[in-house]
Structure formats: structure tokens, C-alpha cells
Amino acid sequence: MNAGRIEGANVEQSEYEGPGVFGYETDLPAMRVAMISVHTSPLASLGSADAGGMNVYIRELACHLGMLGVEVDIFTRRTLPGTPEVAPLCPGVDVISVKAGPPEPVHKDSLFPLLPQFASEAVLSSVRRGVRYDVVHSHYWLSGWVAHLLRRYWETPFIQMFHTTAHMKESSGNSVIEIPLRAKTERQIIDLADSLVAANPAERADLLWRQRTPTDKVCTVPPGVDLELFSPGDQRSSRKALGIPGDRAVILFVGRVDPIKGIETLLEAIERWPSDGAEPLVVFVGGELEGNGTPVGALADVAALADDLGIAERFSFVGSQPQDKLPLFYRSANVVAVPSKYESFGLVAIEAMACGIPVVASRAGGLAFTIEDGETGYLVPVAEPEPLTEALVRVVGDPNLQRQLGTTARDAALRFSWPAVASSILHMYQRLAEGHRADLCCDEEIYA
């Protein structure tokens, strides 16, 4: 039988032109995975609204699974008219834009009513392209509900990763209260999912104890870091490339403009900087700028607060940056500040460590497990400006300490390689695809 190809897909089909019979495709790859990311696309610009560590996680995990021979389709909601249905991301990985609601940005709290349409359109897309899936991997609670809806069509097991839950977020002291529907739906997804991925031991403990989840259902697999992209480099040349003054101490912040990131705490910490110390420059990566470089939206509020506190001259707002440019920013810094109220992992901290830069971070969520206090950086209490100031001053004022912490940080980051993370996740996929519901987790722990 001769074979042809469906445009935009990597699956060979017969020349039969009659109606498709779902479930009877030919020449399928050894494994094909559907990833669900409803509210944000892995193609989105990092640092913009709802585009942060989860986007990096999905993109990097999918691409490294592709290197292992897994075919991955990432389903996300179309937010711009004219977006192609299928867009290649990397070898073996496509991003599928699904019609669900208007092709424009919709706040994630308003997306739940659109999920049935998202699920049905995802199914139609798979039929059009002639593919089926062995496993569904959903990210965030909205995607978890879609995975539940898809099971009635695809009859595939699904793995859920929340990245953060309503309970963990609210218990962190975050001022933004999540909609009640989120906590209720997360509770249901925990029961419905075949397996759960926790990003850190604290998250796993919460799922086991508070959510009463069976112990063999939760695997602790942290996100990873691209150790080739994020690597040590020369500070002077990096600053020159970015136009950052070479004679000032630089504190770097990288992240979305979101209350949970502890940005107000950072500003208050900088306001407390001792008068007898050299004023640092805080390079702020994230948020949006107008064409003339003026902060807009939520970032404008941050700039206004810095102005009110009298520290505007200590901040340089550079907006969102492409990931391949981030290593230059890390290498330019003396220290990276991660004052978040909660982080399921703390990808920024690991990227900084991989570049050999010390980190001062809140003792919150996964940060407490990825940073070794006094060895790779310092951990400080959540939402307390004074300890944050003290730790930043200590690192900035001691070049020898910076080098010592940075060297240890790079060594510590090596265990979070994406190949190791992808292998652990693939093990889970294979066990579920084979029909097993036990022994899903790899024996080797990435967390030391």
C-alpha cells in the first residue's frame, strides 16, 4: 500500500480517501503524547502575562522528549486570528492551536466555560490529522479538566501537573484570592488523573496529606534547566553586550509581574539599602514596554512604586526578553533576587545557578529545596524586606563570596538537567501506556 502524508503532521496515511476511522491509523510512532496547555502557549514571549516558568517547562520537556523519539502535540487555545492550526516547535513536537471562544486574550479565570469546546476541537483536530495518543499530559488545573473531558473520546490515561495549586498559592500569603471553582476542580482532577507530577517534596506532601492522594500516584519530578544555554560566562562582555554599566553592582530580577513574585518586597528591600554602601542597579526583566521603552500595564505600576519610594534611579526596566538572551542578563549580575511568595520550583533560581550566579530567594515552595542556604545562595523569610536587604548587601559587598557561591551553585544545578527530567517523565508515560498504575516513579531521585 502506498502512503502519503497529511500536511502539518508527521504521520503517514494510506491513499484511501473515504471517511477517517478514528483509532485505525497506520504506521504510528512508538509513542505519541498530547500535552494540554489551555491558557498559555509555549510560543508566548516570556515575562508577558501568564508566560513564565510553565511555558519554559512545557517547551523544554516536549523538545527533550522529542529527542528521545516521542512525538508530542501541544494543544493550546488560539488567541490571535489567523494562527495556523499546526506550528512546529522543534523536531518531533508541534503546537496545535485550538478554537475555543474568541481568538483573543481571555483572562484565565474566565476560561472554564470554554473547556468543553476546547476538548471537542482538540478531538476534531486529531481526527483531521489522523493521529491518536498513548498518554495525555495536562498542565495547570484548566488543562487537567480538558484531559478529563478528552478521555471519553481518546480513552487514554492522563498525567496531571498543577505547577501550583490554589491551596499552595493562598497558603503562601498571596494577596490574590483564587476563584472557588479552581480549588473544587483541582480536588476532582486529583481523583480523576491516573498520575500526578509534583515539582518538589513540599508539593508532593500537600497532595498526599491534605488531598489524601494514594502514595503511588504522585511522582516528584522537578523541572529542568538547559545546561548548555545557561552556563557561566564573562561578566564584563555580557554587560557590554546589554549596555549595562560595568562599574555598578547589579541585582537581577527575572519574572512575570504578578503579586506572587514578591516584587513589592524587593522594592522595599532596595529602599532599605544602607546609605554607606554603593547603590546597586536592579535590572528588572519582565513585563511590557512601549516602543520608547516606557513601562506599561502592570510594569508601569511597579515603576510608579519605585518612583514613590525614591529609588527609581536604581531600577532599569528592560521588559520581557527571549530565553536565548537571558544568559547574558544572568552573567551580568552579581546576584539574582527571587523574592517570591511561592514557587513550585523556582526556574529562575536554577537558571541563575547554572550560570554560576548566587541567588537570594524566599524560603518558599521549591526554592527551599533547590537552593542550599549558605552554599549556593541564601534563603530569607517570605515577604520580609529587611532580611532580603541584609542578604543582598552581604553578597554584593563580597566578591570572594560571590565567586564561592557561584561555583557551588553551578555544580548544584547539574543534577537538574533536562535529559534526566525527560527520562523520568518518559518512564511514567511508558508505564501508563502499558496499562500499569503502579511503579510509575523512577527509583532515582533528582532532589538530593
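From a predicted model like this one, the values you see are computed outputs, not experimental measurements.

(A) Representation of the sheet that holds strand 16 (residues 335-338). Read across the sheet, 6 strands follow the order 15-12-11-16-17-18 without closing on themselves; strand pairing throughout is parallel. Both edges of this open sheet fall to strand 15 (315-319) and strand 18 (377-380), since each of them pairs with a single strand only. On average, each strand axis in the sheet is tilted by 20° relative to the strand beside it, whichever way the strands run. Strands in contact with helix 13 (residues 385-396) are strand 11 (250-254), strand 16, strand 17 (359-362) and strand 18; relative to strand 18, the strand with the most contacts, it is inclined by about 170°.

(B) Broad picture of the pattern of salt bridges. In this structure the tally under the stated criterion is 14 salt bridges. The salt bridge partner of E85 is R128, with a shortest N-O separation of 3.0 Å. Pair noted here: E85 is in the loop between strand 4 (71-77) and strand 5 (86-90) and R128 is in helix 2 (residues 115-129), with a separation of 43 residues, a long-range link. A residue is classified by how much of its surface remains accessible, and R128, at 46% relative accessible area, is partly exposed.

(C) Spotlight on the pairing of strand 6 (residues 93-98). Along strand 6, 6 of the 6 residues are buried, which leaves the element largely enclosed by surrounding structure. The two faces of strand 6 match: V93, V95 and S97 on one face and D94, I96 and V98 on the other face are all buried. Where strand 4 and strand 6 come together, 6 bridges link them in parallel fashion. When the sheet's bridge partners are listed, F75 is paired in strand 6 with I96. Strand direction decides the pairing type here: strand 5 and strand 6, joined by 4 bridges, are antiparallel. Bridge pairing in strand 6 links V86 to I96. Taking the residues between adjacent antiparallel strands as the criterion, strand 5 and strand 6 are bridged by 2 residues, where G92 takes a positive phi near 85°.

(D) A look at helix 11 (residues 347-354). With 8 of 8 residues buried, helix 11 lies mostly within the body of the structure. Residues of helix 11 that are buried include every one of L347, V348, A349, I350, E351, A352, M353 and A354, and no others. Just downstream of helix 11, G356 is the residue with a positive phi angle, here 80°.

(E) Summary view of the sheet that holds strand 10 (residues 218-220). One open sheet holds the 8 strands; their spatial order is 5-6-4-3-7-8-9-10, and the pairing between them is mixed. Two strands in the sheet have a free side with no partner beyond their single neighbour: strand 5 and strand 10. Strand-to-strand, the axes of this sheet are offset by a mean angle of 25°, without reference to chain direction. Of the strands in this sheet, strand 3 (32-36), strand 4, strand 5 and strand 6 are in contact with helix 2, which crosses strand 4 at around 140°.

Analysis parameters
- Residues numbered from 1 in each chain as written.
- Predicted model: local features only at pLDDT ≥ 70, side-chain atom pairs only at ≥ 80, totals over all residues.
- Heavy atoms only, no water.
- Pairing = 2+ DSSP bridges.
- Helix = DSSP H or I, 4+ residues; strand = E, 2+ residues; numbered from the N terminus.
- Axes fitted to C-alpha atoms, helices over the stretch in contact; angles between N-to-C directions.
- Contact = heavy atoms within 4.5 Å.
- Salt bridge = Lys/Arg side-chain N within 4 Å of Asp/Glu carboxyl O.
- Buried < 20%, exposed > 50% of the residue type's maximum accessible area, 1.4 Å probe, protein only.

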